[in-house]
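Listed here are the chains, written in short residue letters.
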Amino acid sequence: MRARLLALVLLLLLAGCSSGGTRDDGRITLRFQSLAWQEESVEANKALVKEWNATHPDVRVEYVQGTWDSVHDQLLTAFEGGEAPDIIHDASDDLADFAYGGYLADLTDLLPARLKSDIPRRSWATTTFGDGVYGVPFLQEPRVLIANAKWLRQSGVRIPTPEKPWSWAEFRRITEHLSGQGKYGIAWPLKEPVSATLNLSLSAGGQLFHRGADGKVTVRFGMADQVVPRTIHEQVGTDRSASPTTLGSGGSDTLPGFFGGRYAMVPLGFSYRQQIVQQAPKGFDWQVLPAPAGAGGLTQGVSPQTLSIAEDCPHKKEAAAFIDFLLRPPNMVRLALGDWMLPTGTRALGDPALRTSEHGWATGTALAGHLRPAPAQTVRGYPEWKDKVATPALQEYYSGAIGLGDLRERLEGDGNLVLARYQR
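Quantities reported herein were computed from a predicted structural model and do not represent experimental measurements. (Residues numbered from 1 in each chain as written. Predicted model: local features only at pLDDT ≥ 70, side-chain atom pairs only at ≥ 80, totals over all residues. Heavy atoms only, no water.)

**Student:** Which residues make up the layout of surface pockets, and what values go with them?
**Tutor:** The calculated volume of the largest pocket comes to roughly 1900 Å³. Lining of the largest pocket is provided by 49 residues; of these, Trp68, Asp93, Glu192, Ser195 and Lys386 occupy positions nearest its centre. Of all the secondary-structure elements, those providing two or more residues to the lining of the largest pocket are helix H3 (71-80), strand S4 (87-91), helix H9 (193-201), strand S11 (265-269), strand S13 (300-302) and helix H17 (382-399). The class makeup of the residues in the lining of the largest pocket is 17 nonpolar, 19 polar and 13 charged. (1 Å grid on protein atoms, 1.4 Å probe; cavity = no way out; pocket = protein on both sides within 12 Å on 5 of 7 lines; lining within 4 Å. Points joined across faces, edges and corners; volume = space filled by probe spheres on them. Helix = DSSP H or I, 4+ residues; strand = E, 2+ residues; numbered from the N terminus. Nonpolar A, V, L, I, M, F, W, Y, C, P; charged D, E, K, R; others polar.)

Printed below as a string of structure tokens:
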């Protein structure tokens, strides 16, 4: 009786272990935590897991539904408690602290040559920390302008294309031209202002984070870094061409006003097109335009979605094989279509389904070659810098509570104090 009770306790302990393991029958079980949230995306991920399990009876993958809300803190708790999933879906700008902290496996020798060569070097740079690769970048999205096509046509303004985009100065003039009588040329949803500001600033030649010969990073808010935030600030406070009420809003919050004819354009991530297709009134005429260009052309920063393997995973080769399966070109296309985003893989990106003019797919794929790693990609301490320094400072600047000099002092002075704690 005592032996049976001990065996039962051991079985319960093994069942409670959240990391992958090997069953008594020799079958391996891997836990895949997905952050897919749109219905089409969840369906695509679950379908691919089912297909893998049907053809790999000895390596079963268990689908675990995660959420983008507070994913950094959730993963940190899981890592420290030894309960992290084996295969981890995240974003590249969230990986630095986990990679340097030893929580993620180095994938350099685990990934097949096919996958390494199919994804461009610029994308791999988003998941490379030191000498190791700690994630596979697989989905990305440029920030674009979603425009009321009828409004723009009637105004007579020049319609930009990826070949002939607006400059930031022209963009400001056009939004002012489109405004008046309680309507605005642009609505900036800047509840989370940091990534939008930093990533778009690359088009103006901005960099913000500078790494010295000693490897340490400092913040320098130079003239090129000021182009985008100054443009937004002037649109709101001087030109009255940007709605002040949307500054604290998320992207979805601006859609009712956009559909209602209050704003001519809204800068959004490429994936928002799905919501527009689902929610726009019948007959609403909209189009996708490239974001403005500057000294850096159409370049903008991105933080691709990633797949990583936990360092504690006991079956890393099998986990890497599942990632390879998930990201075969046809499967990557399915994931991209499900999320309304762009694949990083060159073969998938060439699929005709992603190059149609319908819903602006062709505009997005034309921008893919201009996407670069987000400025903060490899900066340790970035999450804290973003939350405690940059977000409140930018929110105050855009609302007119502080000036450009104050913004610079906060980003550089307070910001460098935060980053210094991570670089000792």
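From this point, things continue past the structure.
**Student:** Explain the pattern of salt bridges to me, using residue names and the numbers behind them.
**Tutor:** Evaluated as defined, the whole model comprises 11 salt bridges. As a salt-bridge pair, arginine 380 and aspartate 97 come within 3.7 Å of each other at their nearest N and O atoms. On the criterion of sequence distance, the pair formed by arginine 380 in the loop between strand S16 (371-373) and H17 and aspartate 97 in helix H4 (residues 96-100) is long-range, its members being 283 residues apart. For arginine 380, a relative accessible area of 29% puts it in the partly exposed group. When its relative accessible area of 17% is taken as the criterion, aspartate 97 is described as buried. (Salt bridge = Lys/Arg side-chain N within 4 Å of Asp/Glu carboxyl O. Buried < 20%, exposed > 50% of the residue type's maximum accessible area, 1.4 Å probe, protein only.)

**Student:** Before we move on, could you go through the sheet that holds strand S8 (residues 143-148) and cite the residues and values that matter?
**Tutor:** One open sheet accounts for three strands, arranged S11-S8-S12; its pairing is antiparallel. A strand with exactly one partner marks an edge of an open sheet, and here the two such strands are S11 and strand S12 (286-290). The mean angle between the axes of side-by-side strands here comes to 35°, regardless of whether they run parallel or antiparallel. As paired elements, S8 and S11 share five bridges and run antiparallel to each other. Its bridge partner being in S11, isoleucine 146 is matched across the sheet by valine 266. (Pairing = 2+ DSSP bridges. Axes fitted to C-alpha atoms, helices over the stretch in contact; angles between N-to-C directions.)

**Student:** Talk me through the packing of aromatic side chains; I want residue IDs and the actual numbers.
**Tutor:** In the structure shown here, the tally under the stated rule is 21 aromatic pairs. Taking the centre distance of 6.3 Å and the plane angle of 85° together, the rings of phenylalanine 171 and tryptophan 188 count as edge-to-face. Linking phenylalanine 171 in helix H8 (residues 168-177) with tryptophan 188 in the loop between H8 and H9, this pair joins segments that are 17 residues apart in sequence. Each member of the pair, phenylalanine 171 together with tryptophan 188, is buried. Against the face of tryptophan 151 rests lysine 183, its NZ or CZ located 5.6 Å from the ring centre. (Phe/Tyr/Trp six-rings, centres within 6.5 Å; stacked < 30°, edge-to-face > 60°. Lys NZ or Arg CZ within 6 Å of the ring centre and 35° of its normal.)

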